[in-house]
Amino acid sequence: MYRGKAAELLAGIPAGARVRVCRRGRCYEGILMPRSELGDDRHVVIKLDSGYNIGVEVSDASVEMLEPPRVPSAAEAVQRGGAGRVVSILGTGGTIASRVDYATGAVHPVYTAGELLAAYPELAELAELRAKVVFSILSENMTPEHWRKLALEVAEELNSGAEGVVVTHGTDTMSFTASALAFMLKGLTKPVVLVGAQRSSDRPSSDAYLNLRSAIMVALSDLAEVVVVMHANLSDGLCAVHRATKVRKMHSTRRDAFRSINAHPLGYVGGRVELSEERRRRSRGEVVADTRLEERVALFKAYPGVSPELLEYCVDRCRGIVIEGTGMGHVPESLHPAIARALEEGVAVVMTTTTLNGRVDMKVYSSGRKLLSMGVIPGEDMLPEVAYVKLMHVLAVAEGMQEVRRLMLTSLAGEITPRTLPEVF
Amino acid sequence: MLRVGFEIHQQLDTRKLFCNCSSELCDSYGMSVRRQLRAARSELGEVDRAALQEERRARWYEYQVPPRSACLVELDEEPPHEVNMEAVEIALQVALLLNAQPVDEIHFMRKIVVDGSNTSGFQRTAVVALDGYIDTASGRVGIATVCLEEEAARKVAENAETVTYRLDRLGIPLIEISTTPDITSPGQAREVAQKIGEVLRATGRVKRGIGTIRQDINVSIEGGARVEIKGVQELSLIPKIIEQEVKRQRWLIQVSEELKSRGVAAEELRTEAVEVSGVFTSTRSKLVAGALERGEVVAALRLPGFAGLLGGERGLRLGAELAQHVRIKSGLGGIFHSDELPAYGISREEVEKVRAVLGAGERDAFVLLVGEKSRVQVAAEAVVERARQAIYGVPEETRAALEDGTTRYMRPLPGAARMYPETDIPPVGVSPALLARLKAELPELYEQKVLRFVRSYGLSRELAEQVVRRADAELFEQAVALGAEPKLVASTLTSTLTELRRDGCDVEQLSRERLMEVFSAVAEGRITKESLPEVLQALCSPEVELEQVLEKLGGRVSEEQIAELAREVIASRAELVRERGEAAAKPLMGVMMSRLGGRAEGRVVMRVLTEELRRFLEG
Ligand SMILES: [Zn+2]
C-alpha cells in the first residue's frame, strides 16, 4: 500500500481507480495499482491500457481520478461434481488454485469448491468435492495447535461420509503436518492426502493442477494412510505418493522437491493410481483424533563447534530432545554432560542423523556406546523431523520413560522401516 | 488507405535476462522434460481467442536442456534472479536514441503465452520507455514503446501431440520496439526498419545473424482488417510482404463482394461433414487409399455458392487459406477442394459421386478431409469458420511470413494481452544519475559515424558506409590510431576479407586480436600493402602465428619490386640487350639473382625479367 510521499500525492484515491498522472509535461492514463510493501514511497504504479505497469516518480507529479474502481464481478455459480463419491478438500493456506484479475493484476486464491471447480472444471469428473478452509496461514507459521485443529477436522470429514480427505498445504512444513496427522489419527480407515504446489497456481506452468488431481485420485483409492502427493519428477504427468512419516522436502524450488527417504514412495499416480502392496488398505470404522502433544520438545543439531550451553538451555526447558547427530548418531563429547543431565532429569533424548539417509547405529564406536549407556534412544531410520513430532505425541500419551522408549522404538505409522533396501538411496 | 506499424525484436548480446546462463545457441542438449500448460481463468471471464486455440489442442511441450545455456530458471524450477542491468542499460540507450522518454520505474509483467514457448506460460516483459519518434524522408513515425523482455524458447520439432523446444534461446534479453501505425507506404516501412536497425547496431551490444532480429508487421487497408505478420527476418522482404498483404486484403474484399452478390449466407455453411469413404474404396489416390487402410475416413463438406473461388494464384487462394486453418486447428495435413479436382489420383467419377452424395450443384464447391474421424470433425469446423469469414471480408489474424513474401495463417489476433505483475522481480528505478551517465555514453549513430569517417579519414562515402556497417567498426579506428593508413585498413576490413572468404579462407580465424596484431605490423612497416592479403591468408589457419608468417616472407620481394629491378638492370645494360635480344635474359638473370640475394624465387624472376625484356625491345 502507498505510504509517505506517494500516499500524500494520492490523497486517498484508491487502488483500482482510473487516474491520470502528470509529471513534467507528460501524462499517463491508466489504473492505479497497489504498491508492494517492498516498494519505496517515491513512485506510484499505473497500469497502462496496453496492460503494462510503469512507476511514476511522485515529486512534481499531479494525480487526477477519472473513474472510481470498478466493482468486482459476482462470484461464479457453484458447480457440483459428479460420481457421487465425496472428497473433502481442507484448505490450510497453500494456494492450490487462483484466479487472476488481469485488469488489476490481482491474484486471488480460490477457497470454495465452486471456485475450485470453476478453475479446474475437469475435477468434477472425479468426485463430488466438499471444500472448506480450516485456516489460512503460511506453512512456516504452522504450530502444533494448527495440527490439532486440522486432525479434528480431518476426522470429522472422514466420519461424515467423505471417501478421503485432501489437505492443501504450503510445502515448507508440509511433512511436519503430515507426520503429526499420521501419529494423531488413530484407526485410520481412509486416505488422508496432503498436497501443495511448488510453482504458484496463477502460473500456467503451475504444478498445482496435476498435484491436486492426483491427490483427489489417491483420496478415492484403496488406501488407509496419511500421504503426501506431489510431482515425481520435473515433467508433468507423474506424481509420487509418499508415506507421511518417510517424506521430506529436499529442494527449495523444484516441483519434484518431495522425496521418500529410506523408503520407496508408496506409489505413483499417472493415468491411474498404483500403490505398493505394503500400504494399509481402506477398511471400515470410525477414525479418532488423539490430539495430545507435548510441545516442550526440541530439535537439536550437533555440529563441530556447537556450544554445550545451547543444549543445556534445551535440557532446562524441554521434556524431550531429538538430536540430529553426525554419521551413525554421534555428538561432540562436549555435549555429553548436558545429555547425561537430561537423562538424569527425566528428559527423553532421541538420536537421529544429519545424513537423513540410513539408520543410526550407536554400538559401533565407543562414543555411541557411551550415549546408549546413558539412556539415549536410538531413532533407527526415522527422519529427525518425524522423530520430533513423534516424540511430542509419545511424551503426551505415554506413562513413564520406559513406555516412551518402547513407543519411540516401535513403528506407529510406518516411520521406522525394519529393512533398508539398497535401491532407496 | 494503407496503415502499417511495426514491432521489431532484437536479441542483445549479453548473458540471459534473469539468470547467469550464456545466451549461446547449442547444437546438443542433455536432459529433457515434458510439460503441460493451463492459464488461470481470468476474473472477467474473458477468453483470449489465441490462447483458447492453443489450450484446446491440449498439447504436450517437451523442453530440451542444453547445460551451457539453460538452468533451473529456464525450466521454471527456480524463480528468476535479479534483472541483468547490462541489458536494462542497453534498452535505455536504444530508447534515448529513439527519442523516447524512459519511465521512472521499470515494472516487469507476466504476459500470458500458452503456446509452450515459455516454460512458465508467460513472457516477462517491461515497458522501458514511451513516446519516441524517428524521422523518415516521408515524415515522422512515432515509437509507441520500447520494451525489454525475454526471448522465447526455440522450437525444434512439432507434431500433433508434442511441440519440442530447446531452452538455449529462452531468456535471452530482447528489445521490442513498437512504432505507431503511421507508416503509409512499403518504402517508408523499409526505411523505418532500416533506421531502427541502425540504432540497434550502433549500441554494439546486439546479436548479429539469422534469427537475432525479427520484425512483426501490422498491415491494414481501407475496408480490410488489421493483420499481424510475424517473423520477418529480412529487411529487403518488408516492402514485398506489405505489397503482397495489400493485394491479399483487396482480393479477400473482392471474394466477399462476390459471395454476397451470389447471395451466400453464413447460415448455409454447415459444419456436419458427410463421410464418403465408400466412394474411394478402389481409388487410385495413394494418399486416400493409405488413409483408408489405416482405418481413417474421407469426409466431404459442401461449401454452397463457393464454386470457382477456391483456386487462384499463389498467395491468393481461398483453398490454401482453408487448408492452413485445417492444419493449425486439427493437425490434418491439408484438404482437397473441388476447384482443383480431379487431380492427385482422384478421378472425375469420384468427384461426381461426391457431388451426388452432397447434393452439390454447379454453384457449390466442396472440400475433402482425410484422416482420423475425430480430427476430421475438428477440420470441418475449421473449414466452415474460415469460409464464413470469407463472406464478411478480411479476418483479423496473425500470419507467418514466408520466404517468398507471402504469408500463412498462424492464429487469431491475440486479444488485449493478459498481463499481471511479475512479483518475483523488484521494480527497477531509473534514476536521473543513471540516465545522465547513459546520455553521456550514447553511441554515435550510423549517419554521424559515416560522415565523421569521410571527414576525418578521407574515406569515400561508400567505403565509410561499408566500414560502419561492420559489427567491428571500432576496430577500424583502433587500427588507424596505431598508425595504419585509413584507406588500407578500411579496404582490408571490407573487400580483402570478403575476397579471402570467397577464396575459401576461414576468415573466422581472424579474430579482433589477430587483426590488430596485423595492423600494428602494417603501421610499423613490417607488412607491405602488397603482402597484406598473403599474410591474412596464412593467418586463416589457426595454428599459424604472425611472426612465423613474417619470417617466412622474410624480406620477400614483390613482383612489382622484381620488375622494377629488372627495368633498372636492363637499362644499365641496354647495349647488350639490343645486341642479343631475348637471349640476353641468361646473363642478366645472373645479375638479378645476385642483386636479389635469394629473396625471390628464380622461376618468378625469370618470368618477370623475360616480360620486361620484351617490353623494352618492343618499346
Ligand atoms: Zn539459466
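Reading the values: rules and limits
- Residues numbered from 1 in each chain as written.
- Chains lettered and ligands numbered in written order.
- Predicted model: local features only at pLDDT ≥ 70, side-chain atom pairs only at ≥ 80, totals over all residues.
- Heavy atoms only, no water.
- Pairing = 2+ DSSP bridges.
- Helix = DSSP H or I, 4+ residues; strand = E, 2+ residues; numbered from the N terminus.
- Axes fitted to C-alpha atoms, helices over the stretch in contact; angles between N-to-C directions.
- Contact = heavy atoms within 4.5 Å.
- Salt bridge = Lys/Arg side-chain N within 4 Å of Asp/Glu carboxyl O.
- Buried < 20%, exposed > 50% of the residue type's maximum accessible area, 1.4 Å probe, protein only.
- Domains from an automatic or database assignment.
- Core = buried A, V, L, I, M, F, W, Y, C linked by side-chain atoms within 4.5 Å.
- Buried area = accessible area lost by both parts, 1.4 Å probe.
- Polar contact = N/O pair within 3.5 Å; in protein donor to acceptor, adjacent residues only side chain to side chain.
- Nonpolar A, V, L, I, M, F, W, Y, C, P; charged D, E, K, R; others polar.

Draft legend 1. Examining the sheet that holds strand β17 (residues 267-269) of chain A more closely. Residue and element names in this part refer to chain A. In space, the eight strands of this open sheet follow the order β9-β6-β10-β12-β13-β14-β17-β18, with mixed pairing throughout. Each edge of the open sheet carries a strand with a single partner, namely β9 (128-133) and β18 (273-275). Strand after strand, the sheet turns through a mean of 25 degrees between neighbouring axes, direction not considered. Judged from the four bridges that link them, strand β12 (residues 192-195) and strand β13 (residues 226-231) form a sheet pairing that is parallel. Bridging across to β13, Val195 finds its partner in Val229. Taken strand by strand, helix α3 (residues 144-159) contacts β6 (86-91), β9, β10 (164-168) and β12, and its axis lies near 150 degrees from that of β10. Running over the sheet, helix α5 (residues 208-219) touches β6, β9, β10, β12, β13, β14 (239-243), β17 and β18 and is turned about 150 degrees from β13.

Draft legend 2. Inspection of the pattern of salt bridges at higher detail. Residue and element names in this part refer to chain B. Within the structure shown, the criterion is met by 96 salt bridges over all chains. As a salt-bridge pair, Glu228 and Lys230 come within 4.0 Å of each other at their nearest N and O atoms. Classification of Glu228 by relative accessible area gives buried; the value is 8%. Between Glu612 and Arg567 there is a salt bridge whose closest N-O contact spans 3.4 Å. One end of the pair, Glu612, is in helix α20 (residues 602-618); the other, Arg567, is in helix α17 (residues 559-572), with 45 residues separating them in the sequence. Classification of Glu612 as buried rests on a relative accessible area of 5%.

Draft legend 3. Main features of the domain arrangement of chain A. Split into domains, chain A comes out as domain 1 (4-67), domain 2 (86-289) and domain 3 (297-408). The C-alpha-based centres of domain 1 of chain A and domain 3 of chain A are spaced at 57 Å.

Draft legend 4. Structural detail: the nonpolar core. Ranked by size, the top nonpolar core spans 121 residues in total, and within it A:Val44, B:Leu148, B:Ile175, B:Leu303, B:Phe306 and B:Leu369 carry the most contacts. B:Leu369 has contacts with B:Val297, B:Val298, B:Ala299, B:Val326, B:Leu332, B:Ile335, B:Val376, B:Ala379, B:Ala380 and B:Val383, leaving out every residue within four places of it along the chain. Counting residues in hydrophobic clusters, the runner-up holds 55 residues, among them A:Val165, A:Met184, A:Leu188 and A:Val226.

Draft legend 5. Focus on the sheet that holds strand β2 (residues 26-33) of chain A. Ordered by their spatial adjacency, seven strands build an open sheet running β5(A)-β1(A)-β2(A)-β3(A)-β4(A)-β5(B)-β21(B), and the pairing between neighbours is antiparallel. Here the strands that pair on one side only, and so sit at the sheet edges, are β5 (61-67) of chain A together with β21 (428-429) of chain B. Bridge analysis of β2(A) against strand β3 (residues 43-47) of chain A gives three bridges, and the strand direction is antiparallel. Paired with A:Met33 across the two strands is A:Val45, which belongs to β3(A).

Draft legend 6. Up close: the interface of chain A and chain B. Listed per partner, the contact involves 50 residues of chain A and 47 residues of chain B. Across the interface of chain A and chain B, roughly 4,000 Å² is buried in total on both sides, 52% from carbon and sulfur atoms. At the junction of chain A and chain B, the tally comes to ten salt bridges. Linking A:Arg203 and B:Asp76 is a salt bridge whose minimum nitrogen-to-oxygen distance equals 2.7 Å. Taken together, chain A and chain B are joined by 23 residue pairs in polar contact (both at pLDDT 80 or more). Where the side of chain A that touches chain B is concerned, the elements lending two or more residues are β2, β3, β4 (53-57), β7 (98-101), β8 (106-109) and α2 (113-119) of chain A. Tallying contributions element by element places β4(A) first for the side of chain A that touches chain B, with five residues. The residue inventory of the side of chain A that touches chain B, partitioned by class, reads 18 nonpolar, 15 polar and 17 charged. As defined by bridge partners, β4(A) adjoins strand β5 (residues 105-106) of chain B across two bridges and the pair is classed as antiparallel. Bridge pairing in β5(B) links A:Ile54 to B:Ile106.

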